[in-house]
Amino acid sequence: RDDDDINDVASMAGVNLNEESARIMATNSDLVGTQIQSCKDEPFLAAIPLHKRILETAKKLGITDVPAEVVTFISHATQSRLRTVIEKVTVITQHRMESYKDDEWYEQATDVRSQLKFFEQLERLEKQRKDEQEREILLKAAKSRSRQEDPEQARLKQKAKEMQQQELAQMRQRDANLTALAAIGPRKKRKLDSPGLLAVGAEGLGVCGGSQGGAGPAACRQYPRQKITRVNLRDFIFYMEQERETSRSLLLYRALLK
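As the structure is a computational prediction, the values presented were derived from the model and not from experiment. For every chain, the first residue of the written sequence is number 1, and numbering continues from 1 onward in sequence order. Restriction of local features to residues with pLDDT of at least 70 applies here, the model being predicted, together with a cutoff of 80 or more for giving and counting side-chain atom pairs; totals for whole chains, interfaces and linings are based on all residues. Think of the side-chain values as coming from all heavy atoms in the structure, minus any hydrogens and water.

1. Quick look at the overall build of the chain
Argument step 1. Each helix and strand counted, the chain has eight helices and three strands in total.
Argument step 2. For helices the rule is a DSSP run of H or I covering at least 4 residues; for strands it is a run of E covering at least 2, with both sets numbered from the N terminus onward. What you see in the chain, going N to C, is helices and strands ordered as α-α-α-α-α-α-β-β-β-α-α.
Argument step 3. Sequence-distant contacts, at least 24 apart, represent 39% of the contacts inside the chain between residues at least 6 apart.
Argument step 4. Accessible surface computed for the chain: about 23700 Å², of which carbon and sulfur atoms make up 54%. Residues count as neighbours in contact if any of their non-hydrogen atoms are within 4.5 Å of one another. Per-residue and other accessible areas follow the Shrake-Rupley method at a 1.4 Å probe size, with only the shown protein chains counted as cover for residues.

Encoded structure:
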């Protein structure tokens, strides 16, 4: 009857399911019912301290026994969570460090650094002008020889005298420094005569073998320089502000207070 059933597609195609099942079981009988893993299942966190910590928390909830599978599961969950956090914070840091100066689709609208330098230069010039005016007033007070001097005039003379002494001390210090540099002579560069010379270039790191084999710079082996992404506290705060679990957490407020 099974062969005559029009709905039995396998029989109509000439395939006997019983024979195929027996053949599969005979071929892969050692693999049926087993679990295959590509690598050893190693916990990310130390099992003994983690198990102790879980037991302490479980006793508060009335649980006295925690199997080892729970410790392994929590360890893997911690590893996965930490990997996710690191990946997201790394993306945030890379976006922060990305420069658009050389991009043809962007043009600079404002240059805050140049504006600050301009204001600093204005403040420096203003301070220099005030110092020159004060110096002229003090020099005039020091040159005046009036017989009747008020206390303000005496104070200006004393201040002019201190200013002259300070300028004289600065000139002596500058002359002493120049004399010491002249006595030491020009600084000589240290010769690098070691056979294994570490050459640092713009493209990477290379170790040159000196004069071995008579080869020149072509004999230096080039190693690619590893790119380092440095994450700071501001990047981590930005990540916590974007996440729903940490946007209103106590950890975020503590980070903002630092």
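2. Some words on the nonpolar core
Argument step 1. Remark: nonpolar core denotes a set of buried residues (Ala, Val, Leu, Ile, Met, Phe, Trp, Tyr, Cys) joined through side-chain atoms within 4.5 Å. Think of it in three bands: with a 1.4 Å probe and only protein chains considered, a residue is buried below 20% of the maximum accessible area for its type, exposed above 50%, and partly exposed in between. Among the nonpolar cores identified, the biggest contains eight residues, and these are V85, V89, I92, I237, Y239, M240, L252 and A255.
Argument step 2. Every element with two or more residues in this core is listed here: α4 (68-97), α7 (233-242) and α8 (250-257).
Argument step 3. Setting aside chain neighbours within four positions, we find V89 in contact with V231, D235, F236 and Y239.

3. Focus: the packing of helix α5 (residues 112-143) against helix α6 (residues 151-184)
Argument step 1. Running from amino to carboxyl end, α5 crosses α6 at an angle of 115°, the nearest separation of the two axes being 8 Å. Taken together, the axes of α5 and α6 lie roughly perpendicular to each other. Where α5 crosses over α6, the handedness of that crossing is left-handed. Contacts between α5 and α6 involve E134, R135, L138, L139, A141 and A142 from the first element and Q153, L156, K157, K159, A160, M163, Q164 and E167 from the second.
Argument step 2. The classification used treats Ala, Val, Leu, Ile, Met, Phe, Trp, Tyr, Cys and Pro as nonpolar, Asp, Glu, Lys and Arg as charged, and all other residues, Gly among them, as polar. Classifying every residue of the contact of α5 with α6 by side-chain character gives seven nonpolar, two polar and five charged. Under this scheme, a helix contributes an axis fitted over its contacting stretch, all axes are lines through C-alpha atoms, and angles between N-to-C directions fall in the 0 to 180 degree range. Under this scheme an angle from 65 to 115 degrees is roughly perpendicular, one under 35 degrees roughly parallel, and one over 145 degrees roughly antiparallel; angles in between are oblique. Should the near helix be turned counterclockwise from the far one by less than a right angle, the crossing is left-handed, whereas a clockwise turn marks it as right-handed.

4. Here's the deal with α6
Argument step 1. Helices are assigned an expected span. That span is 1.5 Å times one less than the residue count. Over its 34 residues, α6 extends 50 Å from the first C-alpha to the last, a length consistent with the 50 Å expected when each residue adds 1.5 Å.
Argument step 2. Where α6 is buried, its residues meet α5.
Argument step 3. After α6 finishes, the residue G185 shows a positive phi value of roughly 90°.

5. Thoughts on the side chain of T246
Argument step 1. Among the secondary structure elements, T246 is positioned in the loop between α7 and α8.
Argument step 2. The class of T246 is buried, set by a relative accessible area of 14%.
Argument step 3. Those residues in contact with T246, other than ones at most four positions away along the chain, are Y239, M240 and L252.

6. A word on the pattern of salt bridges
Argument step 1. By definition, a salt bridge exists where a carboxyl oxygen of Asp or Glu is found within 4 Å of a side-chain nitrogen of Lys or Arg. Taken as a whole and judged by the stated rule, the model has six salt bridges.
Argument step 2. With a closest N to O distance of 3.1 Å, E243 and K88 form a salt bridge. Of the two residues, E243 is situated in the loop between α7 and α8 and K88 in helix α4; the sequence distance between them amounts to 155 residues.
Argument step 3. Exposure remark for E243: the relative accessible area of 14% places this residue in the buried category.
Argument step 4. Since its relative accessible area comes to 36%, K88 is described here as partly exposed.

7. Brief notes about the packing of aromatic side chains
Argument step 1. What counts as a ring pair is set by centres within 6.5 Å for rings of Phe, Tyr and Trp (its six-membered ring), and what kind of pair is set by the plane angle: stacked under 30 degrees, edge-to-face over 60, tilted for all other angles. What the rule picks out here adds up to two aromatic pairs.
Argument step 2. With centroids separated by 6.0 Å and ring planes inclined at 40°, the aromatic side chains of F236 and Y239 adopt a geometry described as tilted. With F236 and Y239 both in helix α7, this residue pair falls three residues apart, about one helical turn.

8. Description of the layout of surface pockets
Argument step 1. Cavities and pockets were defined on a 1 Å grid built from protein atoms only: a cavity is a group of points that admits a 1.4 Å probe but offers it no way out, a pocket is an open group of points flanked by protein on both sides within 12 Å along at least five of seven lines, and a lining residue is one with an atom within 4 Å of any such point. Grid points are joined across faces, edges and corners, and a volume is the space filled by probe spheres set on the points. The computed volume of the largest pocket comes to approximately 150 Å³.
Argument step 2. Lining the largest pocket are D131, E134, R135, L138, K159, E162, M163 and Q166.
Argument step 3. Mapped by element, the contributors of at least two residues to the lining of the largest pocket are α5 and α6.
Argument step 4. Counted by class, the lining of the largest pocket contains two nonpolar, one polar and five charged residues.

9. Let's talk about the side chain of D235
Argument step 1. Among the structural elements, D235 can be located in helix α7.
Argument step 2. With relative accessibility at 3%, the residue D235 sits in the buried group.
Argument step 3. Leave out the neighbours within four places in its chain, and D235 touches V89, I92, T93, R96 and R230.

10. Some remarks on α4
Argument step 1. Helix length check: α4, at 30 residues, gives a terminal C-alpha distance of 43 Å against a target of 44 Å (1.5 Å per residue), a fit within 8%.
Argument step 2. Looking at the buried residues of α4, the elements they touch are α3 (47-60) and α7.

11. Observations concerning the confidence of the model for the chain
Argument step 1. In the predicted model, the chain carries a mean pLDDT of 78, and 72% of its residues have values of at least 70.
Argument step 2. pLDDT is defined as a per-residue confidence score from the predictor, taking values between 0 and 100. Across residues 209-215 the pLDDT falls below 50, and counting only partners more than four positions away or on other chains, this stretch makes three contacts in the model.

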